Amino acid sequence: MIRTVWLLFALTVVVVAASRLLGPSDFYDNDQPDTASYTVDMVQHGRWAMPRNMNGAITHKPPLYNWIGLPLVQAGLFSEWALKFPSMLAGLITLVVTIWIGRWLVGRGRGDEEGGLDPGTSALTFGLVCGLAWLTNHAGIKLFYLARPDMVLVACVVVSWAAATVLLLDGARSRGVRIALMLALWLGVAGAGLSKGPPALLPLIYIPLGAKLFTGKWRAMHRTGWWWGLPFALVLCGGWIAAALHANADDFWKILIGDQVVGRVNRGGWSLILTEFWKSPGYWFVRMLPWSVLSVLTLLHIKPRRWFANAMGPCVLWLLIVVVFFMLSAGKRGDFLAPANSAGAVLATYWLLVVARKYGVNAVHVAGASLVIAIALAVYTMKFNPAAKSQLGEHTHQFAREVRAVVGDDRIAFIEIGPNPLQSLLGHAQAGLRPTAEQLAEAKWVIHQVDVPRAGSLEP
């Protein structure tokens with residue numbers, strides 16, 4: 001069975017990856033041009049703490065995504081895949097951790113009446129199916145190839161959640177393993193803070209609640225090394241904050257704190273928190289389909305009074321924390337709920353391979369169904385999603401190739417070309433809607449957006 005599941009797992013990963021890397025480009029959408037231009041700006045202008053986008057606007061997020069992508073851009077790689085590399089790396093990490101924590105949790109509960117697997121199914125097989133459930137849904141196929149910090153945030157908090165779970169349940173017996181898990185936990189918290197800020201609180205909420213609910217003892221949280229780990233994470237985040245304040249204190253307080261933190265909570269009025277709280281679980285349920293249905297079935301099967309006594313308790317608690325946390329934001333988006341998907345994938349796999357085994361369901365059936373879902377998502381991505389219909393991303397890539405063929409390494413000035421990734425694909429970060437007099441004097445070519453599309457918009 002395990003060999004068949006491995007084969008289906010590999011085929012599914014190939015189908016999903018190929019549909020995104022080889023499919024129609026969506027690089028123009030979801031503020032991706034901004035994120036890519038921040039990385040290029042770091043290379044060209046040295047603004048590593050508070051970079052600016054192609055039109056001169058200051059970053060709206062902490063810069064961990066861009067720091068991760070910096071080496072490839074410094075090496076002169078300005079292709080879409082290079083500018084999206086941080087998300088691909090984060091997606092791979094999240095996939096591996098989802099497999100690992102699923103395997104660990106079900107292995108720990110093997111002797112439990114409610115948490116055990118069929119003797120013919122290995123814990124690794126269970127973990128592989130968890131990975132397939134995490135990958136084969138709208139959020140999974142989208143975020144791992146998106147030039148936004150969301151996937152990096154997901155990887156950081158999922159690593160923290162998984163490490164904290166093993167530590168709280170006293171699953172790390174050797175000193176070396178405990179230290180490694182503590183480092184992973186607190187580096188994940190710091191990484192979350194340096195990716196999108198406030199969601200770094202998610203593991204900090206999970207640790208005390210998990211200690212009490214899983215062990216009955218608040219002091220179990222000491223197993224996580226919080227007394228040194230939390231200051232360590234704060235120091236790492238504080239280093240960037242100090243650099244950002246030094247570079248541009250006014251925009252830091254106005255944009256990153258005032259707009260992106262305070263504004264996320266009260267934008268549109270505090271009443272939205274109460275009147276639209278349902279959007280948070282709703283977004284998670286829709287974006288995680290079809291697996292979210294099975295996750296809910298697991299919650300119904302276990303019964304609330306047994307949620308935290310069951311082997312799947314850490315997944316239940318993490319899912320609830322993420323959903324409730326984002327209920328407290330007046331502005332709600334589907335991508336915000338992606339940190340819950342690893343836990344949701346494990347819960348869905350539990351229902352399929354533990355609860356539904358009495359109906360004859362096994363891992364090969366689920367892995368085969370995952371491949372079918374991946375093919376359906378790939379067809380949609382390649383033929384029917386907005387990027388496939390508009391072809392805007394492909395036209396931008398074509399124009400960038402034609403420009404490179406003509407101008408080579410010459411300097412280019414850009415005049416009001418709008419929010420698109422053209423500058424980044426050409427290796428430029430003008431950081432202004434219009435070039436300065438100095439930039440215009442240095443340029444040998446000018447690219448100017450025109451109202452009516454026409455061939456040859458290069459002006460020597």
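Below you will find a few notes about this structure. (Residues numbered from 1 in each chain as written. Predicted model: local features only at pLDDT ≥ 70, side-chain atom pairs only at ≥ 80, totals over all residues. Heavy atoms only, no water.)

1. Observations concerning the overall build of the chain
Rules: By definition, any uninterrupted DSSP run of H or I lasting at least four residues is a helix, any uninterrupted run of E lasting at least two residues is a strand, and each is numbered from the N terminus. Note that the radius of gyration is over C-alpha atoms, with the globule rule given as 2.2 Å times the number of residues to the power 0.38. Under the scheme applied here, a residue whose accessible area is under 20% of the maximum for its type counts as buried, over 50% as exposed, and between as partly exposed, the area being computed with a 1.4 Å probe on protein chains only. Two residues qualify as a contact provided that any one of their heavy atoms is within 4.5 Å of a heavy atom in the partner residue. Charge counting treats Lys and Arg as positive and Asp and Glu as negative, with His and both chain ends excluded. Taken as the charge centre is NZ of Lys, CZ of Arg, CG of Asp or CD of Glu, depending on the residue.
A count of helical and extended segments in the chain gives 21 helices and three strands. What you see for the chain is a C-alpha radius of gyration of 23 Å, in line with the 23 Å of a compact globule of 460 residues. Based on the C-alpha atoms only, the size of the chain along its principal axes is roughly 75 × 45 × 45 Å. Burial status across the chain gives 53% buried among its 460 residues. The contacts in the chain between residues at least 6 apart in sequence include a share of 75% that link residues at least 24 apart. Placing the 39 positive and 26 negative side-chain charges of the chain at their respective mean positions leaves the two points 13 Å apart.

2. Observations regarding the pattern of salt bridges
Side chains carrying opposite charge are able to pair once their charged atoms draw close together. Convention followed: One side-chain nitrogen of Lys or Arg within 4 Å of one carboxyl oxygen of Asp or Glu is enough to make a salt bridge.
Counted by the stated rule, this structure contains nine salt bridges. One salt bridge in this structure joins Asp251 and Arg52, with 3.8 Å as the shortest N-O distance. Residue Asp251 is found in helix H11 (residues 226-266), and its partner Arg52 is found in the loop between helix H2 (32-45) and helix H3 (64-74); the two are separated by 199 residues along the sequence. Exposure remark for Arg52: the relative accessible area of 24% places this residue in the partly exposed category. Close ionic contact of Lys196 with Asp150 constitutes a salt bridge, the shortest N to O distance being 2.9 Å.

3. Remarks on empty space enclosed by the protein
The line we're drawing: Whether a set of points on the 1 Å grid over the protein atoms alone is a cavity depends on a 1.4 Å probe fitting there but being unable to get out, while an open set qualifies as a pocket with protein on both sides within 12 Å along at least five of seven lines; lining residues are those with an atom within 4 Å of a point. Grid points are joined across faces, edges and corners, and a volume is the space filled by probe spheres set on the points. When residues are grouped by polarity, Ala, Val, Leu, Ile, Met, Phe, Trp, Tyr, Cys and Pro land in nonpolar, Asp, Glu, Lys and Arg in charged, and all others, Gly among them, in polar.
Scanning all chains against the criterion turns up two cavities of 30 Å³ or more. Roughly 80 Å³ of volume is contained in the largest cavity. Together, Gln44, His45, Arg411, Ile412, Ala413, His428, Ala429, Gln430, Gln439, Glu442 and Ala443 line the largest cavity. Listed by contribution, the elements that provide at least two residues to the lining of the largest cavity are H2, strand E1 (412-415) and helix H21 (437-442). Here the lining of the largest cavity is composed, by residue class, of four nonpolar, five polar and two charged. Taken as a whole, the second largest cavity spans an internal volume of roughly 50 Å³.

4. Quick notes on H3
Turning to H3, its buried residues are Leu64, Tyr65, Asn66, Gly69, Leu70 and Val73. Looking at the buried positions of H3, the neighbouring elements they touch are H2, helix H4 (80-83), helix H5 (85-108), helix H8 (150-168) and helix H9 (175-193). Positive phi appears at Gly76, one or two residues downstream of H3, with a value of about 90°.

5. Re the side chain of Thr39
Mapping Thr39 onto the fold places it in helix H2. Residue Thr39 is classed as buried on the basis of its relative accessible area of 3%. Setting aside residues no more than four positions away along its own chain, Thr39 makes contact with Asn66, Gly69, Leu70 and Val73.

6. Things to note about helix H16 (residues 341-355)
For clarity, the cut-off: Here, expected helix span is obtained from the residue count minus one, scaled by 1.5 Å.
With 15 residues, H16 extends 20 Å between its outermost C-alpha atoms, agreeing within 8% with the 21 Å of an ideal straight helix rising 1.5 Å per residue. The buried fraction of H16 is high, at 15 of 15 residues.

7. So, the state of the cysteines
Rules: To count as a disulfide, a pair of cysteine sulfur atoms needs to be within 2.5 Å.
In total, this model carries zero disulfides according to the counting rule given. With no disulfide partner, Cys130 has as its closest neighbouring cysteine sulfur the one in Cys315, 7.6 Å distant. Given a relative accessible area of 0%, Cys130 falls into the buried group.

8. So, the environment of Gly360
Looking at where Gly360 falls in the secondary structure, it is placed in the loop between H16 and helix H17 (363-384). Residue classification places Gly360 among the partly exposed residues on the basis of a relative accessible area of 42%. Each C-alpha atom of the pair Gly360 and Arg287 lies 28 Å from the other, and the pair is 73 residues apart in sequence.

9. Examining a nonpolar patch on the surface
Put simply, the test is: Residues form patches when they are more than 30% accessible in relative terms and have no salt bridge. Like charges link within 9 Å. Nonpolar side chains (Val, Leu, Ile, Met, Phe, Trp, Tyr) link within 5 Å. Under the convention used here, a 1.4 Å probe and the Shrake-Rupley method define accessible areas, while residue burial counts only the protein chains that appear.
Together, Val286, Leu289, Val293, Val296, Leu297 and Leu300 make up a nonpolar patch on the protein surface, roughly 450 Å² of accessible area in all. The topology assignment puts Val296 in helix H14 (residues 291-302). What makes Val296 partly exposed here is its relative accessible area of 31%.

10. Remarks on unusual backbone geometry
The omega torsion across Leu289 and Pro290 is 0°, close enough to zero to call that bond cis. You can see Pro290 is positioned in the loop between helix H13 (279-287) and H14. Unlike most non-glycine residues, Asp31 shows phi in positive territory, near 60°. Relative to the helices and strands, Asp31 resides in the loop between helix H1 (2-21) and H2. Of the residues examined, Asp31 reaches a relative accessible area of 47% and is grouped as partly exposed.

11. Thoughts on the packing of aromatic side chains
What counts is decided by this rule: Each Phe, Tyr or Trp ring (for Trp, its six-membered ring) is paired with any other whose centre lies within 6.5 Å, and the angle between the two planes then decides the class: stacked below 30 degrees, edge-to-face above 60, tilted in between.
Enumeration according to the criterion identifies 12 aromatic pairs in this entry. Taking the centre distance of 5.9 Å and the plane angle of 85° together, the rings of Trp6 and Phe9 count as edge-to-face. In this pair, Trp6 and Phe9 are both assigned in helix H1, three residues apart and thus about one turn of the helix distant. Relative accessible area serves as the criterion here: at 10%, Phe9 is assigned to the buried category. Taken together, a centroid distance of 5.7 Å and an interplanar angle of 45° make the contact between Trp48 and Trp67 tilted. You can see Trp48 sitting in the loop between H2 and H3 and its partner Trp67 sitting in helix H3, a full 19 residues away along the chain. Using a relative accessible area of 24% as the deciding quantity, one classes Trp67 as partly exposed. Every member of this aromatic cluster is reached through a ring pair, and the members are Trp161, Tyr206, Phe214 and Trp318.

12. Points about the packing of H8 against helix H15 (residues 313-327)
Working note: a packed helix pair is described by the angle between its axes plus the distance between those axes. The following threshold applies: Note on geometry: axes are lines fitted to C-alpha atoms, helical ones only across the stretch in contact, with angles between N-to-C directions running from 0 to 180 degrees. Should an angle fall under 35 degrees it is taken as roughly parallel, and over 145 as roughly antiparallel, whereas 65 to 115 is taken as roughly perpendicular and any remaining angle as oblique. The sense of a crossing depends on the near helix, which, turned anticlockwise from the far helix by less than a right angle, makes the crossing left-handed and, turned clockwise, makes it right-handed.
Closest axis-to-axis distance for the H8/H15 pair is 11 Å, and the angle between their directions is 140°. Judged on the interaxial angle alone, H15 and H8 are oblique. The interaxial crossing formed by H8 with H15 has right-handed handedness. Two secondary-structure elements touch here, H8 through Val157, Trp161 and Thr165 and H15 through Pro314, Cys315 and Trp318. Its residues placed into classes, the contact of H8 with H15 shows five nonpolar, one polar and no charged.

Spatial relationships are all this shows, so hold off on functional conclusions.
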